[in-house]
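Chain and residue survey
What follows is each chain in one-letter form.
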Amino acid sequence: MCGIVGYIGNNEKKQILLDGLKELEYRGYDSAGIAVLANQQLHNFKAVGKIVNLEEKCKDFYSQGFGVGIGHTRWATHGKPTEANAHPHFAEFSNVVHNGIIENYAQLKQMLQDKGHQFISQTDTEVIVHLFEENLKTHKDSMSAFKHTIDSLHGAYAILLITKADEEAIFYAKKGSPLIIGQGEGGVYFASSDAPLIGLANKVHYVADDTIGRMDKDSFSQLADIKELTINKSYAQKDGYRFFMEKEIYEQHKVLLETMMGRVSDEHIGFDEVPNDFFTSIEEITICACGTSYHAGLSAKYLIERLAKIRTNVVFASEFRYANPVLHKNELFVCISQSGETADTLEALKLAKSSGLKTLAICNVDNSSIVREAHHAILTRAGIEKGVASTKAFATQVMVLWILSVSLGHMRGHISTKDLKHYANTMLNATKLTKVQTSLHDRLKRLSKRYLHGHGFFFIGRDIFYPLALEGALKLKEISYLHAEGYPSGEMKHGPIALADSELFCLALLPKHLLFDKIKSNVQELGARDTTICAICSESIQEADDMVYIPQCQDYMEEFYAMMIVLQLLALEIATKLGNDVDMPRNLAKSVTVE
């Protein structure tokens, strides 16, 4: 995810900005840049790749005396990772950095081009600085022009802008993307997380949504709700959570909104980065992935076949190439990978592409090998995921596949334009249900003490809740080292029920809106054989030994995301009670780049 920093003061600005960007490296990025305005001179430096490349670009630059500066690490959304697309973006006498997505940038860009503005990047961000300078022509001061600019933007953003029209200030705006202002002896600082502020600022203000402001060296004290900054760097990177995995579980509701941004509305659900004609003549879909990504793909099989009426196969990438697969010319090959470097998935993609299939990558890392190899790619926008056990990667992959399913269903005439509003609302509601409630987490912390022994776990569900059961079992295996298996609940009586006794734990997924009675009868079969049942449902189940309640929902996909949070948190708390390294479980790597 992108990161931003800013500084107002007398100290050497270049190094403050570079050091701040280094503190944001853990978030992931593909390019970086800084801009400094001092002594009536505006300097801009940008580089692709690591910050060391940016340091080399500006090694001979020093900023003496009072001035302002902004910096940015970019995780590409609009436009590939190039120097032209890197931030800060500039117009005639202003520079801007931006986190988020401007949904209406195409309309704004066309309007500005009609007025004679020239653009050099593919990004949405560049329109901000051009729009600001255009507004300065008709507004009496810089703040009025900046406010008018922000009012024209649709989407999510954290924005810092500097301009020669007001050399002593940084203009800022926030909506849906984090932004913090800090003050220390050296001046005033901006950042998208606490980490760059540690050691520099002792007081901070967390900017609220829909804020538009102007900050100079004397304005910080006028802010409301100023807090002391006392945390250390390790805490800052984890934002106060015990583990990166815990932090990533908690931020899923935010990254899911980023996944949906510009792709989901009442009138349109789909992906502008993939032309509609790419999907014409598709008669069959094969989804290929490994591990957690495979479970996301298996979830998509239910969604695509139900909503788009397209036959869908899901295969393990590690098996695909060696099975002499039968491929059809009207088959779409979809590969899913968090890193975009998974060796088995990459080789399977190459085979499918060489066989003449249309190929689509669903990935979290732009410019990765899989993204470059596929005909088209859809980014999940999850940001960097440091925990080895994937959480937000899975959540965003399923969301992308859900959006794709609805989009295909609409293209093929199975979903009306009028029905898109229903799906958009359901997606938004599902995202809201991933916001972790303190009461739920506390309940799972207490409950986890009961599930530290026994000879194994069954995770059971039907339909799309079967792959969620597989994912829940995988999370527990990865970080607790306890044996766990996911099963379709109806398969219990076909062999696995032989293991049922009082030392077997069963996590049962019971959605009220999908095959509830069927799954409940399977739970009864296990309970009759003394299995310890933990039911996840919105209502009480008499057969359960333990209940974990989710909110009342209107759709099974809302229940899917609510239950996903429960399974992730329960695995986290069981592993924590066992004293395991949650973020770096034994024998596992974040990106599997060998077969």
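Note on numbering: residues in each chain are counted from 1, in written sequence order. Confidence filtering applies because this is a predicted model: local features only for residues at pLDDT of at least 70, side-chain atom pairs given and counted only at 80 or more, and all residues used for totals across whole chains, interfaces and linings. For the side-chain quantities, the full set of heavy atoms in the structure was used; hydrogens and water were omitted.

1. Thoughts on the packing of aromatic side chains
For this analysis, a ring pair means two rings from Phe, Tyr or Trp (six-membered ring only for Trp) whose centres lie within 6.5 Å, classed as stacked if their planes differ by under 30 degrees, edge-to-face if by over 60, and tilted for the remaining angles. Applying the stated criterion to the full structure yields 19 aromatic pairs. Plain terms: the ring middles of Tyr-7 and Tyr-189 are 5.0 Å apart, the flat faces sit at 35 degrees to each other, and that makes the pair tilted. With Tyr-7 in strand S1 (residues 3-9) and Tyr-189 in strand S10 (residues 187-191), this residue pair connects regions lying 182 residues apart in the sequence. For the pair formed by Tyr-7 and Tyr-189, the shared burial category is buried. Helical segments are the DSSP runs of H or I of at least four residues, strand segments are the runs of E of at least two, and each set is numbered from the N terminus. Buried, partly exposed and exposed residues are distinguished by accessible area as a fraction of the type maximum, computed with a 1.4 Å probe on protein chains only: under 20%, between the cut-offs, and over 50%, respectively.

2. A look at the sheet that holds strand S22 (residues 532-537)
In short, DSSP must find at least two bridges between two strands for them to pair. With parallel pairing, the 5 strands of this open sheet are ordered in space as S20-S19-S21-S22-S23. What marks the edges here is a single partner per strand, and that holds for strand S20 (484-488) and strand S23 (546-549). This sheet shows a mean twist of 20 degrees between the axes of neighbouring strands, independent of strand direction. The pairing of S22 with S23 spans 4 bridges and is parallel. Bridge pairing links Cys-537 to Tyr-549 in S23. Running at roughly 165 degrees to S22, helix H17 (residues 516-527) makes contact with strand S19 (456-461), strand S21 (504-509) and S22 of the sheet. In this description, a line fitted to the C-alpha atoms serves as the axis of each element, helices being fitted only across the stretch in contact, and the angle between N-to-C directions of two axes falls anywhere from 0 to 180 degrees. Residues count as neighbours in contact if any of their non-hydrogen atoms are within 4.5 Å of one another.

3. Side note on the nonpolar core
Nine residue types can take part in a nonpolar core, namely buried Ala, Val, Leu, Ile, Met, Phe, Trp, Tyr and Cys, and a core is a set of them joined through side-chain atoms within 4.5 Å. In this structure, Trp-402, Phe-457 and Tyr-561 are the most contacted members of the largest nonpolar core, which totals 94 residues. Per element, the largest residue contribution to this core is 16 residues, and it comes from helix H18 (residues 556-577). In this structure, Trp-402 is in contact with Leu-303, Leu-307, Thr-426, Met-427, Ala-430, Met-557 and Tyr-561, ignoring residues within four places of it in sequence. Grouped together as the second largest cluster of nonpolar side chains are 26 residues, Leu-54, Cys-58, Ala-191 and Val-204 included.

4. Looking at the pairing of S20
Where S19 lies against S20, 5 bridges are found, and the strand directions are parallel. Of the residues in S20, the one forming a bridge with Phe-458 is Glu-485. Consider the strands pointing away from the viewer: the crossover is right-handed when the path from the first strand over the helix to the second runs clockwise. Viewed along the sheet, the connection from S19 through helix H16 (residues 465-480) into S20 turns out right-handed.

Remember, this is a structural readout, not a statement about activity or role.
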